[in-house]
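Overview (structure and organization)
So you can see what is in the structure, the chains are spelled out below.
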Amino acid sequence: MTTPEKPTITRIYDAERHLPPIGPYLSDTLSHLQFAYQKARLDLRAAHKDTWFGRLWNILNPLLLGMVYWLLVVVIFGSGGDIFGREGLRTLTQILGGLFLFGLPSASLALGSKSIVSGGSFVLNTRLPRMLLPIGSVISSFLSFAPSMIIYVVFHLAAGYEIGFHLLWTIPLVAILVVTALGLSMVVATLNVYFRDVASFLPYATRIWLYLTPIIYLYQNVPAALDWALYINPIGTLFASWQQVLFEGRSPDLVFVGASVGWALGSLVVGALMFMRREREFAVRI
Amino acid sequence: MSLPSESEAFAVSVENVTVKYRAMLEQRQTMKSALSRLGRNKQEVRYIQALKDVSLTVKQGEFLGVIGHNGAGKSTLLRTIAGILPPTKGRIVVNGHVTTLLSVGIGFNGELTGRENIKLGGLANGLTPKEIEATEEEIAEFSGLGEFIDYPIKTYSSGMRGRLGFAVAVAMEPDILLIDEALSAGDAEFRDKASKKMREIMEKAQAIILVSHGLSVVKEMASSCLWLDHGRVKQVGEPDEVVQAYTDYVAAGSSAAAHDDF
């Protein structure tokens, strides 16, 4: 409970300011992270996603999708080795490793795009930083993504990929991806307030994004002439690094990691500024 | 009630605030409609001034009742003070921890139970999980919801939502409590409990702003009263006087809209 000696908080709402004071805004956001986390968790529960079947579906969905792409690659295009051989299993593992990770940004964007518009009473009745809503979307996506990694481990071992300290790289890579996903989520969350069909177009955009990212193919198979495509994709070099760590058993190229960090910070700054500049209008727009 | 220039400790100071909405005539804003609008070159936007140059000060320990016809800007005023709506012009200074109790209730997610909503409400107000655990029972008790506290709030009646919302808001020990029509939600028994709680809050030299259509509630509880008319301050002063003036005004039929309130 609040104590009598608590400092008096003075808040000033001034029509002349377009951006809220950034320091207090961010500390206000950070001090309510627990709220964003609990809301994400409870929302997942409300959607029955933390039941046994809900969790199973979270894993089954990318697993089945991975099988579909695998059949496409191995059977129809005839690449990726013998379907029942070790090469076939390795191809499947590569696809699953990427697809599971891709679930993180794609779910973040899908949930994030709707977070403000469906934020209802949060947006209308509280003065909390609205940034907590897209943050909550990313947390939800992370909570759905985490268990899929357990399944991946089984495939990794079965396919006989290397195990070692290089795998620790997966942790910073996921962290970089979380930051990128948050930045992009704030962009689509803002856009969707003004253009309500953004959330409807998003699944198609996400599907194209999936094909443009080294997931169902290896980054080495990208033709040298199209190398730049990895760099203009916010998550392109990150997924290339992911493949280097998981399937080549080594540390990722620092150029790739650097580009990924650049995209992450860039998306975060652009997304946050765009979001903060607009967020005071959200209450009258939804 | 006084002008903002006075030096006494104030809880809320509203300085020449104007709030303008952009009301969209189109049902939904989409990229499609934005594109088709390019062809017609017509902006289908209308501006609505909800508050026009409103200034007021609420002192520590003051209980301000806000009355006025539907659409007079009462709820907009509360939302602006709460920091939810940005002022188009002017400035608002708030001294203290504000808890809002607005008519929509606390429901962050209708699928969640009352208890889960208490938890989220507490976290949203900056309590730690430990502090919430300590107050959770008290809130559940105060709301008088019984076993419903563990049901999803989508199963609640509007009165039950209102009660839970009020219970959460007052448990946050706010310095400034903003209430929008909350008392009309509960039944007679709950109303008694709620008014007692509000008196307690006032005794701690905190401020309350209550928007109400129930003129008797304002007369009975408020220490001052603000009458808003079409977004402007029509009168400020003793509750008895202002309510009387408002009642006379409505009875004289000066404002057809005001009849909605009876």
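For clarity, every value in this text was computed on a predicted model and none was experimentally measured.

**Comments concerning the overall build of chain B**
Assigned secondary structure in chain B consists of 8 helices and 9 strands. Restricting the contact set of chain B to residue pairs at least 6 apart, pairs at least 24 apart contribute 74%.

**Quick look at the overall build of chain A**
Helix and strand content of chain A: 11 helices and 1 strand. For chain A, the α and β elements follow one another from N to C terminus as β-α-α-α-α-α-α-α-α-α-α-α. Over its C-alpha atoms chain A spans a radius of gyration of 21 Å, differing by no more than 12% from the 19 Å that the globule rule assigns to 286 residues. A separation of at least 24 residues holds for 77% of the contacts in chain A among residues at least 6 apart in sequence.

**Regarding the interface of chain B and chain A**
Taken together, the contacts link 43 residues of chain B with 34 residues of chain A. Listed by contribution, the elements that provide at least two residues to the side of chain B that touches chain A are α1 (31-40), β4 (89-95), α3 (114-124) and α4 (129-143) of chain B. Here the side of chain B that touches chain A gets 7 residues from one element, more than from any other, and that element is β4(B).

**Structural notes on the packing of α4(B) against helix α5 (residues 158-171) of chain B**
All names here are of chain B. In the contact formed by α4 and α5, the axes pass within 8 Å of each other and the chain directions differ by 140°. With respect to α5, the element α4 is oriented oblique. Remark: the crossing between α4 and α5 carries right-handed chirality. Every residue of α5 that contacts α4 at Thr135, Glu138, Ile139, Phe142 and Ser143 is listed here: Arg163, Leu164, Ala167, Val168 and Ala171. Taken together, the residues that form the contact of α4 with α5 break down as 6 nonpolar, 2 polar and 2 charged.

**Quick word on helix α6 (residues 188-203) of chain B**
Residues and elements named next belong to chain B. The end-to-end C-alpha distance of α6 is 23 Å, a good match for the 22 Å that 16 residues give at a rise of 1.5 Å each. Residues of α6 that are buried: Phe190, Ala194, Met198 and Ile201. Looking down the long axis of α6, one finds its buried residues gathered within 70° of arc, a one-sided arrangement. Opposite the buried face of α6, at more than 90 degrees from it, the exposed residues are Ala188, Glu189, Asp192, Lys196, Arg199, Glu200 and Glu203. For α6, the elements touching its buried residues are α5, β6 (176-180), β7 (207-211) and α7 (215-221).

**A look at α4(B)**
Residue and element names in this part refer to chain B. In this model, α4 (15 residues) spans 20 Å end to end at C-alpha, consistent with the 21 Å of a helix rising 1.5 Å per residue. The largest bend along α4 reaches roughly 40° and is located at Thr135. Of all the positions in α4, only Ile132, Ile139, Phe142 and Ser143 are classed as buried. Each element contacted by the buried residues of α4 is listed here: α3 and α5. Downstream of α4 by a residue or two, Gly144 has a phi angle that is positive, lying close to 65°.

**Examining the environment of Asn70(B)**
Positionally, Asn70(B) belongs in the loop between β3 (63-68) and α2 (74-81). As for Asn70(B) and Leu228(B), which are separated by 158 residues in sequence, their C-alpha atoms are 10.0 Å apart.

**Re the confidence of the model for chain A**
Residue and element names in this part refer to chain A. Predicted confidence across chain A gives a mean pLDDT of 88, with 94% of residues reaching 70 or more. Of all secondary-structure elements in chain A, the lowest mean pLDDT belongs to strand β1 (residues 10-14), at 74, while helix α10 (residues 236-247) reaches the highest, 97. Between residues 1-6, whose pLDDT stays under 50, and residues either more than four places distant or in other chains, the model counts 6 contacts.

**So, the environment of Ile149(B)**
Residues and elements named next belong to chain B. Checked against the element boundaries, Ile149 lands in the loop between α4 and α5. Distance from Ile149 to Asn109, taken between C-alpha atoms, is 14 Å for residues 40 residues apart in sequence. In contact with Ile149, not counting residues within four places along its chain, are Gly114, Arg115, Ala140 and Ser143.

**Let's talk about the confidence of the model for chain B**
Any segment with low pLDDT has predicted coordinates that should not be analysed in fine detail. Residue and element names in this part refer to chain B. With 81% of its residues at a pLDDT of 70 or more, chain B has an overall mean of 79. The least confident element of chain B, judged by mean pLDDT, is α1 at 69; the most confident is strand β8 (residues 224-229) at 93. Across residues 1-7, where pLDDT falls below 50, the model places 11 contacts with residues more than four positions away in sequence or in other chains. Counted against residues more than four places away or in other chains, residues 257-262, with its pLDDT under 50, gives 12 contacts. In the predicted complex, the global pTM is 0.84; the interface-specific ipTM is 0.76.

**Concerning the packing of helix α6 (residues 132-158) of chain A against helix α7 (residues 170-194) of chain A**
All names here are of chain A. Where α6 meets α7, the axes come as close as 9 Å, and the angle between the chain directions of the two elements is 135°. Taken together, the axes of α6 and α7 lie oblique to each other. Two packed elements cross with a definite hand, and for α6 against α7 that hand is right-handed. Together, Leu133, Pro134, Ile135, Ser137, Val138, Ser141 and Phe142 of α6 and Val178, Ala181, Leu182, Ser185, Met186 and Ala189 of α7 make up the contact between the two elements. Classifying every residue of the contact of α6 with α7 gives 10 nonpolar, 3 polar and no charged.

Rules behind the numbers
Residues numbered from 1 in each chain as written. Chains lettered and ligands numbered in written order. Predicted model: local features only at pLDDT ≥ 70, side-chain atom pairs only at ≥ 80, totals over all residues. Helix = DSSP H or I, 4+ residues; strand = E, 2+ residues; numbered from the N terminus. Contact = placed C-beta atoms within 7 Å. Rg over C-alpha atoms; globule rule 2.2 N^0.38 Å. Axes fitted to C-alpha atoms, helices over the stretch in contact; angles between N-to-C directions. Parallel < 35°, antiparallel > 145°, perpendicular 65-115°, else oblique. Left-handed = near helix turned anticlockwise from the far one by under 90°. Nonpolar A, V, L, I, M, F, W, Y, C, P; charged D, E, K, R; others polar. Expected span 1.5 Å × (residues − 1). Buried ≥ 20, exposed ≤ 12 C-beta atoms within 10 Å, placed from the backbone. Arc of directions from axis to C-beta. Bend = angle between axes of the 7 residues up to and from the residue. pLDDT = per-residue confidence, 0-100.

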